[in-house]
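# Survey of secondary and tertiary structure
So you can see what is in the structure, the chains are spelled out below.
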Amino acid sequence: MTTTRFHAPERLDEAIRLLAADDEARPLAGGQTLVAMLNADLLSPSQIISLHRIAALKGIEKRSDGSVRIGAMTTHAGLARSDVLRDGHRLLAQAAGRIGHEAIRNRGTIGGAVAHGDPSADYPPALVALDAVIEAVGPKGKREIPASDFFQGFLTTALGQGEIVAAIILPPSLNQARTHYEKFARVEGDFATVSVAVALWRGGVRIALGGVGPVPVRSAEAEAELQAGQLSDAAINDAGALLVAASDPLDDVRGSADYRRRLIPRLVKRAIRAAQAKDAR
Amino acid sequence: MSNEKITITVNGKRYDKEVEPRRLLSDFIRDDLRLTGTHVGCEHGVCGSCTVLMNGKSVRSCLTFAVMADGAEIMTIEGLGTAENMHPLQKGFWEKHGLQCGFCTPGMLMTAVELLKEKPRPSVDEIREALSGNLCRCTGYQTIVESIQRGAEIMQGGK
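Residues numbered from 1 in each chain as written. Chains lettered and ligands numbered in written order. Predicted model: local features only at pLDDT ≥ 70, side-chain atom pairs only at ≥ 80, totals over all residues.

### Observations concerning the overall build of chain B
- What chain B contains, in helices and strands, is 5 helices and 5 strands.
- Its helices and strands taken in sequence order, chain B reads β-β-α-β-β-β-α-α-α-α from the N to the C terminus.
- In terms of overall size, chain B behaves like a compact globule, its C-alpha atoms giving a radius of gyration of 16 Å where 159 residues would be expected to give roughly 15 Å.
- When contacts within chain B are restricted to residue pairs at least 6 apart in sequence, long-range pairs at least 24 apart make up 59% of them. (Helix = DSSP H or I, 4+ residues; strand = E, 2+ residues; numbered from the N terminus. Rg over C-alpha atoms; globule rule 2.2 N^0.38 Å. Contact = placed C-beta atoms within 7 Å.)

### Focus on the overall build of chain A
- Across its full length, chain A holds 11 helices and 13 strands.
- Against the 2.2 N^0.38 benchmark of 19 Å for 281 residues, chain A shows a C-alpha radius of gyration of 19 Å, consistent with a compact globule.
- Along the first, second and third principal axes, the C-alpha set of chain A runs to 60 × 45 × 35 Å.
- A sequence separation of at least 24 residues applies to 64% of the contacts in chain A between residues at least 6 apart.

### Describing the interface of chain A and chain B
- With 25 residues of chain A in contact, the opposing surface of chain B contributes 26 residues.
- Counting only elements with at least two residues in the side of chain A that touches chain B, the list comes to β1 (5–7), α2 (34–39), β3 (47–50) and α5 (102–105) of chain A.
- Per-element accounting of the side of chain A that touches chain B gives the leading share, 4 residues, to α2 of chain A.
- Counted by class, the side of chain A that touches chain B contains 10 nonpolar, 11 polar and 4 charged residues. (Nonpolar A, V, L, I, M, F, W, Y, C, P; charged D, E, K, R; others polar.)

### Regarding helix α5 (residues 142–155) of chain B
Residue and element names in this part refer to chain B.
- Helix length check: α5 (14 residues) gives 20 Å between terminal C-alpha atoms against 20 Å at 1.5 Å per residue, within 8%.
- Along its buried surface, α5 packs onto α2 (88–95), α3 (105–118) and α4 (124–130).
- Once α5 ends, the next one or two residues include Gly 157, with phi positive near 100 degrees. (Expected span 1.5 Å × (residues − 1).)

### Brief notes about unusual backbone geometry
- You will see that Asp 41 of chain A, though not glycine, has its phi angle at about 60 degrees, which is positive.
- Summarising the element assignment, Asp 41 of chain A is placed in the loop between α2 and β3.

### Examining the domain arrangement of chain A
- Taken domain by domain, chain A holds domain 1 (5–48), domain 2 (58–171) and domain 3 (182–276).
- Put simply, the middle of domain 1 of chain A and the middle of domain 3 of chain A, counted by C-alpha atoms, are 35 Å apart. (Domains from an automatic or database assignment.)

### Focus on the sheet that holds strand β4 (residues 57–60) of chain B
Residue and element names in this part refer to chain B.
- As summarised here, the arrangement of the 5 strands in space is β2-β1-β5-β3-β4, forming an open sheet in which the pairing is mixed. In this open sheet, the two strands that pair with only one neighbour each are β2 (13–19) and β4. Across the sheet, the mean angle separating the axes of adjacent strands is 40 degrees when strand polarity is ignored.
- Examined bridge by bridge, strand β1 (residues 4–10) and β2 share 7 bridges and lie antiparallel to one another. Bridge pairing links Ile 8 to Tyr 15 in β2.
- Each of β3 (51–54) and β4 touches α3; the most contacted strand, β3, lies at about 40 degrees to it. (Pairing = 2+ DSSP bridges. Axes fitted to C-alpha atoms, helices over the stretch in contact; angles between N-to-C directions.)

### Brief notes about the domain arrangement of chain B
All names here are of chain B.
- Looking at the assigned domains, one finds that chain B contains domain 1 (4–79) and domain 2 (88–155).
- Taken over C-alpha atoms, the centre of domain 1 sits 21 Å from the centre of domain 2.
- The partner domain 2 presents 12 residues to the 13 residues of domain 1 that form the contact.
- Where the side of domain 1 that touches domain 2 is concerned, the elements lending two or more residues are β3 and β4.
- Residue contributions to the side of domain 1 that touches domain 2 peak at 3 residues, all from β3.

### A word on the confidence of the model for chain B
- Within chain B, residue pLDDT values average 96, and 99% of them lie at 70 or more.
- Model confidence for the complex: the whole-complex pTM is 0.95, and ipTM, which rates the interface, is 0.94. (pLDDT = per-residue confidence, 0-100.)

### Considering the sheet that holds β3 of chain A
Residues and elements named next belong to chain A.
- Ordered by their spatial adjacency, 3 strands build an open sheet running β1-β3-β2, and the pairing between neighbours is parallel. If you trace the sheet from one side to the other, it starts and ends with β1 and β2 (25–28), each paired once. Shown here is a sheet whose adjacent strand axes are inclined to one another by a mean of 20 degrees, direction ignored.
- Relative to β3, β2 runs parallel, the two being bridged by 4 bridges.

### Some words on the nonpolar core
- Leu 92, Ala 126, Ala 129, Leu 130, Val 198, Leu 243 and Val 268 of chain A are the most contacted members of the largest nonpolar core, which has 128 residues in total.
- When sequence neighbours within four positions are dropped, the list of residues in contact with Ala 126 of chain A reads Leu 91, Leu 92, Ala 95, Tyr 181 and Ala 197 of chain A. (Core = buried A, V, L, I, M, F, W, Y, C linked by C-beta atoms within 7 Å. Buried ≥ 20, exposed ≤ 12 C-beta atoms within 10 Å, placed from the backbone.)

### Description of the pairing of strand β10 (residues 164–170) of chain A
All names here are of chain A.
- For β10, the tally of buried residues reaches 6 of 7 residues, placing the bulk of the element in the interior.
- Both strand β5 (residues 68–71) and β10 contribute to a ladder of 4 bridges, which runs antiparallel. Paired with Arg 69 across the bridge in β10 is Ile 169.
- Examined bridge by bridge, strand β6 (residues 133–138) and β10 share 5 bridges and lie antiparallel to one another.

Below you can see the structure in the form of structure tokens.
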């Protein structure tokens, strides 16, 4: 074990100052990935800056414009049970409830998971499908990054040096949508082999896939096809093929690339039909 | 390395200790407090044998630093019951042979305590889902599921 200094500041600006001053320092949220990586000696940070005392990173708040601001330190369990997330926004609660196991969900946070940027994780496709915005705070202040720009590659995000995720913002627009998160995993609690997040509303369709590329996969052609074909079986089949073409899956322990390509159309259909079955609004 | 001062209540007893920042809660419980009922299997959150309750909620003690539990109330298997006065879930495991080697049992029990708090009469599927984060290499899980069903029955006042 290497020497590591520990700080748990109460102020966000203090955490940012500490992180920006030392590029070997790491922010600690719920620790469900970071502590496992430290235990495996995959990282040896000079300092750990724990964010757990910072009030500004906590809480889920519905704002007057209908948007929802989720503090980065909100746990998966807290999000899964939140009654602030309603209607179309339930997609995110559904995804949160599929992460790992209860003991993991009790500690793991949305900010930590999003900053980690694992393309097989549950939040990235859900946030892209919901057109969410990531509120990042760093030494240069605050900025808002659309989820579709935030995830840039395998474990790579738009966050800069000393910058952390402060909140996730769900825009009001998709609150009227019917949404569904469909996850296929080998066993309960595993990362997705393939996951599908879908939002359907009067004016359109958004679909984002997890586990089949370095970032969540969307296809404008597939979404246009579904819209034009009014979600008919034929349109869903065509959209499935277009999404397969847009995907870039890898062979790994959770399934071969070919197996993932076969799963996509089936799960897309299942997700769309499940979303449609939810109450019309 | 600078040590951190922490105050943790474990099984109702308050401890004021100094710990290294990267001291895992699991190692703190086992080595500093000598409460060795909490077992450490994989140390990366997969096996569930180190599960304890922190402020009433299940956590992986191997994925939590002791400093992160500063001010918290922890419950370990030692706080659940004794050989003379077993918790209903422990009785269930005893009656239904819910363990063989016993390594996973403390984690199974702490997970089941949380489950029954939320769902006093869980279905088999709900039990299996709740246990999905706890690995057992002996039983094949069948007797563990039965043990938890039996524990729930005893807690509901059944004989």
